[in-house]
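What the coordinates show
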Amino acid sequence: MNQLTRPVWAEVDRAAIAHNVAEFRRLIDTDCQLMVVVKSDGYGHGDLETARAALASGASWLAVALPEEGVRLRRSGIAAPILVLGSLAAEQLEMCVTKDLVVTVYQWEQAQALSRIASRLQKTVRVHVKVDTGMGRLGIPVEQAVDFTAGLQRLPGVEVQGVFTHFATADQPLGEYVRFQQQRFGEALKQLTAARLRIPLRHSANTAATLYLPDTHMDMVRVGLGIYGLLPIPSKSVPGVSLKPALSLFARVTSVRRVSAGTAISYGTSYVTWRETSIAVLPIGYGDGVSRQLGNRGCVLLDETRFPIVGHVTMDHIMIDVGDHPVQIGDEAVLLGGQAADAVTADEWADWMGTISYEVTCMIGSRVPRVYVQRTDAR
Ligand SMILES: Cc1ncc(COP(=O)(O)O)c(C=O)c1O
């Protein structure tokens with residue numbers, strides 16, 4: 001497939017990423033490090049391009065979920081420290097050591113295995129201890145933080161560089177639960193200090209906590225969503241902080257047909273025209289990450305007008321009802337992003353789909369070519 005000829009593309013604005021990084025840098029103290037989370041191909045924006053733009057504009061760390069994602073960045077010449085956030089299988093440990101990836105640890109056997117690999121390769125593996133303060137996913141319980149860390153510090157070839165926790169309520173940051181987790185993490189840190197286990201990098205804040213709870217910033221913040229210009233709580237912006245969405249999604253019309261009233265559109269005939277109208281076809285579908293949930297719910301911008309997506313979304317096409325508007329083959333539709341004064345946002349998609357904006361951008365598939373641009377206009 002020649003991707004450049006496909007009339008479907010996602011445009012990623014490097015200037016928006018740089019702008020968002022600068023906004024987060026403004027929010028945190030100068031001695032607080034900014035880790036940019038580029039897992040899942042940079043939340044669908046492109047991991048390498050995001051990493052480069054972020055490191056050039058004030059980020060000092062990167063985070064990935066999989067070591068394979070970290071290896072990809074290393075192979076492309078990224079030398080910045082990279083933390084692997086995800087859980088690992090035994091087969092994935094060696095690449096962490098050889099590629100100088102920083103590993104999240106919370107299981108003793110895995111830490112021992114890392115130590116053996118590092119010793120064999122005559123290298124040092126840096127690790128960050130993950131404490132589970134209430135996420136219920138990965139991490140050691142608060143009560144085991146001291147024993148676990150003390151054990152790690154005795155392992156040859158292992159350097160304990162960080163300790164962190166992850167908040168479960170990213171989209172309700174002012175709730176009591178995040179305060180409960182913060183307090184639990186504080187207890188773990190107090191116990192580590194009392195045991196004279198000094199760990200240089202303590203971190204807890206994701207985008208929401210970085211934006212809304214400055215007292216969670218500590219030595220480093222781990223920001224994903226906000227770097228891509230999206231808010232974890234769409235209705236809750238922070239005064240003085242403006243984030244710019246970095247991704248737009250486009251498709252060109254490949255067919256327009258005039259149909260009479262009573263014409264059924266797409267699989268399942270869930271939409272039947274109620275008047276004579278024109279139906280335009282866009283060559284993008286759920287195979288590209290346009291959720292089926294958008295059928296008869298979502299809309300696109302074309303010629304500065306919102307037109308509804310009608311009928312079911314199919315794997316490779318969607319249909320829009322453009323009425324009597326003079327739409328032609330080749331016209332450009334905006335599925336995500338701005339056109340004139342209006343914009344279809346990832347938060348709207350999330351509403352239509354019953355999900356969160358994280359999933360919207362991650363879902364845009366590898367069939368959709370990414371085009372990187374440097375826009376200076378504020379959107
Ligand atoms: C451990 C960890 N830290 C930070 C983040 C970044 O979260 P956000 O995108 O809300 O900033 C994630 C994302 O899932 C994560 O898993």
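All values derive from a computational prediction rather than experimental measurement.

The next subject is the domain arrangement of the protein chain. Taken domain by domain, the protein chain consists of domain 1 (32-228) and domain 2 (247-373). Here domain 1 and domain 2 have C-alpha centroids that lie 38 Å from each other. Opposite the 8 residues of domain 1 that make contact, domain 2 presents 7 residues. With both chains or domains summed, domain 1 and domain 2 bury close to 800 Å², and 60% of this area falls on carbon and sulfur atoms. When the buried area of domain 1 at its contact with domain 2 is split by residue, Tyr43, His45 and Leu225 rank highest and sum to 54% of it. On inspection of domain 1 and its partner domain 2, the count reaches 0 salt bridges. For the pair domain 1 and domain 2, the interface holds 3 residue pairs in polar contact (both at pLDDT 80 or more). Looking at the side of domain 1 that touches domain 2, its residues break down into 3 nonpolar, 4 polar and 1 charged.

With that settled, the discussion passes to helix 8 (residues 176-194). Taking 1.5 Å of rise per residue, 19 residues should cover 27 Å, and helix 8 covers 27 Å from first to last C-alpha, within 8% of that figure. When we look at burial in helix 8, the residues that qualify are Val178, Gln181, Arg184, Phe185, Ala188, Leu189 and Leu192. Looking straight down helix 8, one finds its buried side chains confined to an arc of 140°; they lie on one side. Of the exposed residues in helix 8, the ones pointing more than 90 degrees away from its buried face are Glu176, Lys190, Thr193 and Ala194. The inward-facing, buried residues of helix 8 abut strand 6 (125-132), helix 7 (145-153), strand 8 (158-164) and strand 9 (201-205). Just downstream of helix 8 lies arginine 196, where phi reads positive at about 60°.

This part is about helix 6 (residues 108-120). Counted at 1.5 Å a residue, the expected span for helix 6 with its 13 residues is 18 Å, and the 18 Å between its end C-alpha atoms agrees. Listed as buried for helix 6 are Gln110, Ala111, Ala113, Leu114, Ser115, Ile117 and Ala118. Along its buried surface, helix 6 packs onto helix 5 (93-98), strand 5 (102-105), strand 6, helix 7 and strand 8. Phi turns positive, to about 55°, at glutamine 122, one or two residues after helix 6.

Along the chain, alanine 343 falls in strand 20 (residues 342-344). In the structure, alanine 343 is positioned 127 residues away from threonine 216 in sequence and 33 Å away in space, judged by C-alpha atoms. Look past the residues within four positions of alanine 343 in its chain and what remains in contact with it is Leu301, Arg306, Gly337, Gly338 and Glu348.

Taken together, the neighbourhood of the ligand is formed by 13 residues, with Lys39, Tyr43, Thr207, Arg222 and Tyr358 sitting nearest. Taking threonine 207, its side chain carries an N or O atom lying 2.5 Å from an oxygen atom of the ligand. Coverage of the ligand by the protein amounts to 92% of the 390 Å² it exposes when considered alone. Mapped onto the shell around the ligand, the elements with two or more residues apiece are helix 2 (39-43) and strand 10 (220-223). Its residues placed into classes, the shell around the ligand shows 6 nonpolar, 4 polar and 3 charged.

So, about the packing of aromatic side chains. Counted under the stated rule, the structure contains 5 aromatic pairs. Between tyrosine 43 and tyrosine 358, the aromatic rings sit 6.0 Å apart at their centres with planes inclined by 35°, giving tilted as the arrangement. Of the two residues, tyrosine 43 is situated in helix 2 and tyrosine 358 in helix 11 (residues 357-363); the sequence distance between them amounts to 315 residues. Given a relative accessible area of 9%, tyrosine 43 falls into the buried group. Both rings, one in tryptophan 108 and one in phenylalanine 148, keep their centres 6.3 Å apart while their planes meet at 75°; by these two values the pair is edge-to-face. Of the two residues, tryptophan 108 is situated in helix 6 and phenylalanine 148 in helix 7; the sequence distance between them amounts to 40 residues. For tryptophan 108, a relative accessible area of 32% translates into the label partly exposed. The class of phenylalanine 148 is buried, set by a relative accessible area of 8%. Grouped by ring-pair contacts, the aromatic residues Tyr43, Tyr228 and Tyr358 constitute a single cluster.

Positive phi, normally seen in glycine, also occurs at serine 266, with a value near 70°. When you line up the elements, serine 266 lands in the loop between strand 13 (264-265) and strand 14 (271-272). For asparagine 296, which is not glycine, the phi dihedral falls at a positive 60°. Within the element layout of this structure, asparagine 296 appears in the loop between strand 15 (277-282) and strand 16 (299-302). Overall, the relative accessible area of 37% leaves asparagine 296 in the partly exposed class.

Position of threonine 277 among the secondary structure elements: in strand 15. In this structure the side chain of threonine 277 is engaged in a polar contact, spanning 2.5 Å, whose partner is the side chain of aspartate 321.

Time to look at the packing of helix 7 against helix 8. Relative orientation of the contacting elements helix 7 and helix 8 amounts to 50°, with a least axis distance of 9 Å. Classified by the interaxial angle, the pair formed by helix 7 and helix 8 is oblique. Seen from above, helix 7 lies across helix 8 with right-handed handedness. Between helix 7 and helix 8, the residues in contact are Ala145, Val146 and Thr149 and Ala188, Gln191 and Leu192, respectively. Residues belonging to the contact of helix 7 with helix 8 are distributed by class as follows: 4 nonpolar, 2 polar and no charged.

Calculation notes
Residues numbered from 1 in each chain as written. Predicted model: local features only at pLDDT ≥ 70, side-chain atom pairs only at ≥ 80, totals over all residues. Heavy atoms only, no water. Domains from an automatic or database assignment. Contact = heavy atoms within 4.5 Å. Buried area = accessible area lost by both parts, 1.4 Å probe. Salt bridge = Lys/Arg side-chain N within 4 Å of Asp/Glu carboxyl O. Polar contact = N/O pair within 3.5 Å; in protein donor to acceptor, adjacent residues only side chain to side chain. Nonpolar A, V, L, I, M, F, W, Y, C, P; charged D, E, K, R; others polar. Helix = DSSP H or I, 4+ residues; strand = E, 2+ residues; numbered from the N terminus. Expected span 1.5 Å × (residues − 1). Buried < 20%, exposed > 50% of the residue type's maximum accessible area, 1.4 Å probe, protein only. Arc of directions from axis to C-beta. Near = heavy atom within 4 Å. Areas by Shrake-Rupley, 256 points an atom, 1.4 Å probe, with all protein chains shown as cover. Phe/Tyr/Trp six-rings, centres within 6.5 Å; stacked < 30°, edge-to-face > 60°. Axes fitted to C-alpha atoms, helices over the stretch in contact; angles between N-to-C directions. Parallel < 35°, antiparallel > 145°, perpendicular 65-115°, else oblique. Left-handed = near helix turned anticlockwise from the far one by under 90°.

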